[in-house]
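In case you want the letters, here they are:
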Amino acid sequence: MAFTRATGKHRAPSRLTRKSASMAGVAALATTGVIGTLASPALAAEPGATAVEDTGLTQIVAADSLADQIADQAAAQKREADEAAARAKAEAEAKRKAEARAKEAREAKERAAREAERKRLNSFRLPVADAHLTTGYKAGGSLWSSGSHSGVDFRAPSGSSVMAVGSGTVVEAGWAGAYGNNIVIKMNDGSYTQYGHLSSIGVSVGQRVTPGQQIGLSGSTGNSTGPHLHFEVRTSPEYGSDINPVAYLRAHGVDV
């Protein structure tokens, strides 16, 4: 029986048509990134080697893993930077507090020193180391032109240190007749203290003196019967304005 070629819609695709369709499929697969992993590795494999199908997921996973590593590294670097900044801030704050404490301590020490100096300058003391009185205030006798003692006498061997009883300014330093070598100091409180019969004078007029500062040495110059210190307190620089030296010293906290 003779056969005829089928025609119409029931006609089978020709070889050319099938080849075209196959090529189109390959192109479609290549577009999706799958075809590139199907052919070469399997075809290039050594004889006997197991072919591994690569679908393209390996590259995607590797890219994701690299991105994660970069993100983790960036996060770690940020944490390190934040921690370093926090440490620097804490160190700066600790330094600031330490400097503030040191400044406060220094200022407190300076205030204490100023207060101590203020107290020292406002303090009073004995004019000689030995507080022993040999002649009291207003003692009578022919030894004094006024008929009575205008000050007090402290026992003081010749050459003993004579000191200012308080802060003031020297207004007289030199020979003063019956007083011999003599020093008069105007005190900060406005009174005047006098130191007589000195063997030597160690200050000059206009000089500022402080409590306990040596101003001369005791002796027996002028109208004197022996080495001692004549100490006198006046309300003015004029003779005759004298007041009780013992009461004066006691009023300023000196134990006499």
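For the structure itself, consult the block above.
Because the structure is predicted, anything quoted here is derived from the model rather than measured.

Student: Before we move on, can you summarise the nonpolar core with the specific residues and values?
Tutor: By size, the foremost hydrophobic cluster in this structure holds 25 residues, and its most contacted members are I185, Y195 and I215. Those elements giving two or more residues to this core turn out to be β2 (152-155), β5 (181-187), β6 (192-201), β9 (228-234) and α4 (245-251). If we ignore the near neighbours within four places in the chain, the residues touching I185 are A164, G168, T169, V170, V171, S191, Y192, T193, Y195, V209 and I215.

Student: Give a detailed account of the packing of aromatic side chains, specifying residues and quantitative values.
Tutor: Enumeration according to the criterion identifies 3 aromatic pairs in this entry. When the ring of F154 is compared with that of F231, the centres are 6.3 Å apart and the planes differ by 55 degrees; the resulting orientation is tilted. Of the two residues, F154 sits in strand β2 while F231 sits in strand β9, which places them 77 residues apart along the sequence. Given a relative accessible area of 1%, F154 falls into the buried group. On the basis of relative accessibility, which here comes to 0%, the residue F231 falls in the buried class. Residues Y195 and F231 carry aromatic rings whose centres are separated by 5.5 Å and whose planes lie at 55 degrees to one another, so their mutual orientation is tilted. Taken together, the positions of Y195 in strand β6 and F231 in strand β9 put the pair 36 residues apart, joining distant regions of the chain. Among the aromatic residues, those joined into a cluster by ring pairs are F154, Y195 and F231.

Parameters at a glance
Residues numbered from 1 in each chain as written. Predicted model: local features only at pLDDT ≥ 70, side-chain atom pairs only at ≥ 80, totals over all residues. Heavy atoms only, no water. Core = buried A, V, L, I, M, F, W, Y, C linked by side-chain atoms within 4.5 Å. Buried < 20%, exposed > 50% of the residue type's maximum accessible area, 1.4 Å probe, protein only. Helix = DSSP H or I, 4+ residues; strand = E, 2+ residues; numbered from the N terminus. Contact = heavy atoms within 4.5 Å. Phe/Tyr/Trp six-rings, centres within 6.5 Å; stacked < 30°, edge-to-face > 60°.

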